[in-house]
Amino acid sequence: MSKLFEPIKVREVEIRNRTVVSPMCMYSAEGGKLTDFHLVHLGRFALGGAGLIFVEATGVSPEGRITHGDSGLYNDEQMEPLKKIVAFVKSQGATIGIQLAHAGRKASCQRPWEGDGPITKDNMKAGEEAWQTYSSSAIPWGENWHTPKEMDEKDMEKVRQDFLAAAKRALACGFDILEMHNAHGYLLQSFLSPIANHRKDQYGGSLENRMRFPLSVAKVLRDFWPQDKPMFVRISSVDGIEGGFTIEEAVEYAKELKKLGVDVIDCSSGGQPGKMQLRTALGYQVPFAREIKHGAGIKTMAVGMIVDAHQANEIVTSDSADFVALAREALNSPDWFFHAEQELGQAPQEDPYSDWPPQYGFWLGKRKHTLDRLNAAAVK
Ligand SMILES: Cc1cc2nc3c(=O)[nH]c(=O)nc-3n(C[C@H](O)[C@H](O)[C@H](O)COP(=O)(O)O)c2cc1C
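What you are looking at is a predicted structure, and each value in this text was computed from that prediction instead of being measured.

Rules of the game
Residues numbered from 1 in each chain as written. Predicted model: local features only at pLDDT ≥ 70, side-chain atom pairs only at ≥ 80, totals over all residues. Helix = DSSP H or I, 4+ residues; strand = E, 2+ residues; numbered from the N terminus. Contact = placed C-beta atoms within 7 Å. Core = buried A, V, L, I, M, F, W, Y, C linked by C-beta atoms within 7 Å. Buried ≥ 20, exposed ≤ 12 C-beta atoms within 10 Å, placed from the backbone. Near = placed C-beta within 6 Å. Nonpolar A, V, L, I, M, F, W, Y, C, P; charged D, E, K, R; others polar. Pairing = 2+ DSSP bridges. Right-handed = clockwise from strand over helix to strand, strands pointing away. Expected span 1.5 Å × (residues − 1). Arc of directions from axis to C-beta. Axes fitted to C-alpha atoms, helices over the stretch in contact; angles between N-to-C directions. Parallel < 35°, antiparallel > 145°, perpendicular 65-115°, else oblique. Left-handed = near helix turned anticlockwise from the far one by under 90°.

Turning our eyes to something else, we now look at the environment of Ala 46. Of note, Ala 46 is situated in helix α1 (residues 36-47). Spatially, the C-alpha atoms of Ala 46 and Ser 28 are 20 Å apart, while their sequence positions differ by 18 residues. Not counting residues up to four positions away in its chain, the partners in contact with Ala 46 are Ile 53, Phe 88, Val 89, Gln 92 and Ala 94.

A few words on the nonpolar core. The biggest cluster of nonpolar side chains holds 101 residues, and the ones touching the most others in it are Ile 53, Leu 100, Leu 178, Met 301, Ala 302 and Val 324. Ranked by residue count, the leading element in this core is helix α3 (residues 153-173), at 6 residues. Setting aside residues no more than four positions away along its own chain, Met 301 makes contact with Val 20, Phe 232, Val 264, Asp 266, Cys 267, Ala 289, Ala 321, Asp 322, Phe 323 and Ala 325.

Near the ligand lie 20 residues; those nearest to it are Ser 22, Met 24, Ala 57, Ala 327 and Arg 328. Mapped onto the shell around the ligand, the elements with two or more residues apiece are β4 (52-59) and α9 (328-332). In terms of residue class, the shell around the ligand is built from 10 nonpolar, 6 polar and 4 charged.

We now examine the pairing of strand β11 (residues 264-268). Across the 5 residues of β11, 5 count as buried, placing the element largely inside the fold. The alternating pattern of β11 places Val 264, Asp 266 and Ser 268 and Ile 265 and Cys 267 on opposite faces, both of which are buried. Relative to β11, strand β10 (residues 231-236) runs parallel, the two sharing 5 bridges. In the sheet register, Val 233 faces β11, and the bridge partner there is Ile 265. Of the crossover connections in this fold, the one passing from β10 over helix α6 (residues 247-260) to the parallel β11 is right-handed.

To continue, consider helix α11 (residues 358-379). Side chains that are three or four residues apart share a direction in an α-helix, a result of its 3.6 residues per turn. Helix length check: α11, at 22 residues, gives a terminal C-alpha distance of 31 Å against a target of 32 Å (1.5 Å per residue), a fit within 8%. Here α11 lies mainly on the outside; 0 of its 22 residues are buried.

With that settled, the discussion passes to unusual backbone geometry. Despite not being glycine, His 184 has its phi angle at roughly 60°, a positive value. According to the C-beta neighbour criterion, His 184 is buried, with 21 such atoms within 10 Å.

The subject of this paragraph is the environment of Arg 328. Take Arg 328: it is sitting in helix α9. Residue Arg 328 is classed as partly exposed on the basis of its C-beta count, with 13 C-beta atoms lying within 10 Å. C-alpha separation for the pair Arg 328 and Ile 306, spaced 22 residues apart in sequence, amounts to 9.2 Å.

This part takes up helix α8 (residues 309-317). Residues of α8 that are buried: Ala 309, Ala 312, Asn 313, Ile 315 and Val 316. Viewed end-on, α8 has its buried residues packed into an arc of 150°, placing them on one side of the element. Buried-residue contacts for α8 involve β3 (19-21), α7 (286-296), β12 (299-303), β13 (323-326) and α10 (336-343). Asp 319 lies just past α8 and shows a positive phi near 65°.

It is worth spelling out the environment of Asp 70 at this point. Along the chain, Asp 70 falls in the loop between β4 and β5 (71-72). Separated by 239 residues in the primary sequence, Asp 70 and Ala 309 have C-alpha atoms spaced 31 Å apart. Apart from the residues lying within four places of it in its own chain, the contact partners of Asp 70 are Cys 25, Tyr 27, Ala 29, Gly 32, Ala 57, Gly 59 and Arg 65.

This next bit is on the packing of α3 against helix α5 (residues 207-224). When two helices pack together, their arrangement is given by the angle between their axes and by how far apart the axes lie. With their axes 9 Å apart at the nearest point, α3 and α5 run at an angle of 30° to one another. Classed by the angle they form, the pair α3 and α5 counts as roughly parallel. Between α3 and α5 the crossing geometry is right-handed. Residues Met 156, Val 159, Arg 160, Phe 163, Leu 164 and Ala 167 of α3 touch α5, and the partners they reach there are Phe 213, Ser 216, Val 217, Val 220, Leu 221 and Phe 224. Residue classes in the contact of α3 with α5 are distributed as 10 nonpolar, 1 polar and 1 charged.

No statement about biological role is implied by the geometric values presented.
Written out as structure tokens, the structure reads:
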């Protein structure tokens, strides 16, 4: 059996295989509320055989969103479309998680296709004003970006409470898995990264100090999230910039998260400004997942330029990671998961479409039968 399609149990949640749809902002929410677009978008991956599907980075407060189009979970109204998505994804046999996020100093931004820069008076759309951003230090992310407020204890407590309130709503929506977004230059990573964090108090300087605030958020979440449900944390395994966060630090951080009861480290990278030393290539972040998995003794998820069934299977069979996540490849091919299963010879022998949703599988099985017959006749 190809390991990629073996079920995996984390705490009491059994996931049908080790493939994951990575969280992907669609910048298409309305007032933080998801729409039917998201139901179809996420539903396609459930129909396509994915094991675990993450709802995109979901702001725990209005100011924690990247753009006005981001998903949010800071009021009860935002729960209704999420409940519908959860119910549909589960009805197809997939597991569903949500990534809770605060965008920090990268907030108050335009949607990618509308400019991808900070909202200013000149580029502002009607009713979509800029807002005060927050970070570990009052340093803008880039030239002409908003200057964030350096967070004080009160701001930190508000963020902890916002994450907690969003997690309570996520649980009430029926999510199986919670992921804390601690990557890509957003708020929690701005504490870990020496590029962003220039503080002189107990939250800056040494790794122990830089970890203090994000660990306190992780603790609040893990203490609340039910014991039978897993919690993931997405980190930037390295900044990939000289003087930035390193893989050795990531291993230490993962050990601390493990002590709190975090189950899986989702190993991404980058997000801080500067000269990037890391080169994007096929599976380029897999070595981080491997190092963190073995260095900290914790389950990991690999992500980044994973496009092929054999490549994905190799990641789990070589014990580099426990989960394999796809983002853009899943957009390119929402049925990637069932096709990968077939490519690895893992689909049911009699009828390779029999584990697809019957609304598709019944017809695709017949189609295959006809194609096989036509091919055989053509050979004669
Ligand atoms: C459209 C889009 C939206 C994304 N949104 C998020 C997000 O909400 N949270 C996150 O942690 N990463 C986000 N990412 C990063 C992906 O989850 C993933 O880590 C990255 O794209 C690398 O994987 P890939 O090569 O399979 O695309 C996004 C990527 C894309 C393409």
